[in-house]
Amino acid sequence: MTAIDTVRAYSHDVLSRARVPMPPFGYDVHWDEQPRRHKVYPEAQYFALPIAPAQEVRFDEALAGAHAWSAEQPLNVARLGRALHDTYGHLARRVRVSGNDDALNKTRSTIATYARGTANGGGLYPLEFYWVSGPSTPQVPGIYHWNTNSGALQRLLAGDVTPDVRAALSGTADTDQFLLVTVKYWKNAFKYNSFTHHVVTSDLGSATEVLRWSGLVAPKEGRPVHMWFDSEILDRMLGLDPVEETVLAVIPLPQGELERNDRCVPGGARVHISESERFTERAHFTQVIDVIAAERSVRNHKLLEPLPVTVPTAHSIGAPIPLPHTTLDSSLGLSEALYRRRSAFGTFDGSRSMSHHELSYLLASMVQSARPGTEAGVQQLGWPAVLINRVDGIAPGAYLVDVDTWSLIPVDNRRPGEFLQQTYFLDNYNVDHAEVVLTLLVPVDAIIDAVGARGGRLANSVLGAVTQATYVAAADLDLACGAALGFDSVAYAERLGIEESGLRPMIMIMVGHDRTDQADLRLPISVTTERGV
């Protein structure tokens, strides 16, 4: 089986698992053996990472890329700290009664829930961030791990290894500052087993989308998210076993104000400091290992041409319903919007309706975030669809979205509540209480055909980016939102009449007004801010 065949088969198994379960069968999650939520290097020295004041740019402006750092603007370390903090740092402690069965446990500090700006599969947060810095910034050049718990840096290696990073990128990034994003698989796989690769690569898209809003990722300024590189060079440099942890993305950062050392050449230096983990025993899953190997077998990207994708309208049962051309006019600054983002967990009111404009705002946010800024190029890779329970002036049913005419295409006029509940894997939501359920249609096979074995990573990152944008758009509208990967994708495709289109429903995103009589405690975590250099 070729690398492409391996990735394609895994994607098919993931999206069909409601009909054909994935191995391992009868897997039990041992919560008392959950790995550390935050990676710990006990032998590495800590350094404070300054955090700039809150990002006041409006969410809609950030979504449009208006907050990007220009190519001439030197790296501001405090702004880097703010971007990381808003993306993956602790923003607040939350205790609330919800549809989940663990609310009582959350009153205990040892397993407290801390809100972060980025949505994440299962709330497990398996990504790690490493700043690889050259001499153009004031601190000692080296590799620094960003601790997601404390927000501090730990230096793992001293010395300029940025030539090695540039070599891994085949010389396509002209800077000596990089952010490497890795995944520590067991932080997610202990719960999701073979499903984990799908989950963590969507987590990657959520995180890199927020970093784009914060200005770090800026394709127009020559700083796309790099998903194609020599994985062996980078994993070896960080001292990683790729089956346990591997680099998923590289983000070139602006160069600092000081002089860069162009005389330095790749030297093969690597991190020798070891992390500390609670338990050394862990399971490995054949499908995940096979996909990791398939992705590592390629390193050069192909330019992504516009995909020949047409949202099918042959099954339309009525005239298109025009959507209002709602201006994405956010009421919240970016940091505040990320702070307010949260999962509803079954607390929808169930008696209210959504307006046309609110639905249009959500759909527009999905469309705008479905254009990932990677080195393969910026193209539309996802299209929204919606199942409506209660929207003012629109009958309940299933609708495709024609993004060219900005209208809803009715394809099913049955009330979807019972269908939505039956095709959802868990019982923590009464899905009929959500006013709409959004889904993202992604041409997974076409993306893999276009760019090769890392196309699965790219397709899933689109899913993550769109989910994140929908969460924050909902917060901006003061609506509750909850996303789930545990649903019957095949049933959604059948309901929408797109089985033969090549488009695959990738997620269900429930949105609606929240209850006002719920028990909810949110304690913000303050941080000291400074302008930085």
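Everything below is about the structure printed above this text.
The structure presented is a predicted model; accordingly, all values stated were derived computationally and were not measured.

A general trend in soluble globular proteins is that nonpolar side chains are found buried together. Ranked by size, the top nonpolar core spans 107 residues in total, and within it Phe129, Trp213, Leu359, Leu408, Leu438 and Val511 carry the most contacts. With 10 residues, the top contributor of residues to this core is helix α13 (residues 455–476). Ignoring anything within four residues of it in the chain, the contact list for Phe129 reads Leu84, Tyr88, Tyr144, His145, Trp146, Leu179, Leu180, Val181, Ala207 and Leu211. Listed in part, the 29 residues of the second largest apolar core include Leu387, Ala398, Val431 and Ala493.

Moving on: the packing of aromatic side chains. How two aromatic rings sit relative to each other is given by the distance of their centres and the angle of their planes. Applying the stated criterion to the full structure yields 14 aromatic pairs. Where Tyr27 meets Phe285, the ring centres are 5.7 Å apart and the plane angle is 75°; that geometry is what we call edge-to-face. With a gap of 258 residues between them, Tyr27 in the loop between α1 (3–15) and β1 (46–47) and Phe285 in the loop between β8 (245–252) and α8 (286–296) connect regions that are remote in the sequence. By relative accessible area, which is 9% here, Phe285 ends up buried. Members of the aromatic cluster, each reached through a chain of ring pairs, are Tyr88, Tyr125, Phe129 and Trp146. If you follow Arg341 out to its NZ or CZ, it ends over the ring of Tyr471, 4.9 Å from the centre. It is Arg454 that lies over the ring of Phe229; its NZ or CZ is 4.9 Å from the centre.

As a further point, take the sheet that holds β8. Hydrogen bonds along the backbone pair up the strands of a sheet, which may run parallel or antiparallel. On the basis of which strands lie adjacent, the open sheet formed by 6 strands has the order β1-β6-β5-β4-β7-β8 and antiparallel pairing. The sheet is open, and its two edges are formed by β1 and β8, each paired on a single side. As paired elements, strand β4 (residues 127–133) and strand β5 (residues 142–146) share 5 bridges and run antiparallel to each other. Looking at β5, one finds that Ser133 is bridged to Gly142. The sheet contacts of helix α3 (residues 77–88) involve β4, β5 and β7 (177–184), and relative to β4 the element is tilted by about 170°.

Here His226 shows up in the loop between α6 (196–213) and α7 (231–237). For His226, a relative accessible area of 4% corresponds to the buried category.

All right, on to the environment of Ile251 then. Residue placement: Ile251 occurs in strand β8. What makes Ile251 buried here is its relative accessible area of 0%. Beyond its immediate stretch of four places on either side in the chain, Ile251 contacts Gln177, Phe178, Leu179, Val181, Thr208, Leu211, Leu216, Val217, Pro224 and Val225.

Reading across from one edge, β3-β2-β17 is the order of the 3 strands in this open sheet, with antiparallel pairing throughout. This sheet does not close on itself; its edge strands, each paired only once, are β3 (113–115) and β17 (520–524). Across the sheet, the axes of successive neighbouring strands diverge by a mean angle of 30°, strand direction being ignored.

Applying the stated criterion to the full structure yields 23 salt bridges. Taking the shortest distance from any N to any O, the salt bridge between Arg19 and Asp488 comes out at 2.9 Å. Residue Arg19 is found in the loop between α1 and β1, and its partner Asp488 is found in the loop between β14 (480–484) and α14 (489–496); the two are separated by 469 residues along the sequence. Its relative accessible area of 10% is what places Asp488 among the buried residues. Between Arg340 and Glu336 there is a salt bridge, with its nearest N and O atoms 2.8 Å apart. Of this pair, Arg340 and Glu336 are both found in helix α9 (residues 334–340), 4 residues apart, which corresponds to roughly one turn of the helix. Classification of Glu336 by relative accessible area gives partly exposed; the value is 34%.

Right, let's talk about the packing of helix α12 (residues 444–451) against α13 for a bit. It is the contact of α12 with α13, at a shortest axis distance of 8 Å, that shows an interaxial angle of 135°. In terms of axis orientation, α12 runs oblique to α13. The element α12 and its partner α13 pack so that their crossing is right-handed. Note on element contacts: α13 touches α12 through Gly455, Gly456, Leu458 and Ala459, opposite Val444, Ile447, Ile448 and Val451. Grouping the amino acids of the contact of α12 with α13 by side-chain chemistry returns 6 nonpolar, 2 polar and no charged.

Calculation notes
Residues numbered from 1 in each chain as written. Predicted model: local features only at pLDDT ≥ 70, side-chain atom pairs only at ≥ 80, totals over all residues. Heavy atoms only, no water. Core = buried A, V, L, I, M, F, W, Y, C linked by side-chain atoms within 4.5 Å. Buried < 20%, exposed > 50% of the residue type's maximum accessible area, 1.4 Å probe, protein only. Helix = DSSP H or I, 4+ residues; strand = E, 2+ residues; numbered from the N terminus. Contact = heavy atoms within 4.5 Å. Phe/Tyr/Trp six-rings, centres within 6.5 Å; stacked < 30°, edge-to-face > 60°. Lys NZ or Arg CZ within 6 Å of the ring centre and 35° of its normal. Pairing = 2+ DSSP bridges. Axes fitted to C-alpha atoms, helices over the stretch in contact; angles between N-to-C directions. Salt bridge = Lys/Arg side-chain N within 4 Å of Asp/Glu carboxyl O. Parallel < 35°, antiparallel > 145°, perpendicular 65-115°, else oblique. Left-handed = near helix turned anticlockwise from the far one by under 90°. Nonpolar A, V, L, I, M, F, W, Y, C, P; charged D, E, K, R; others polar.

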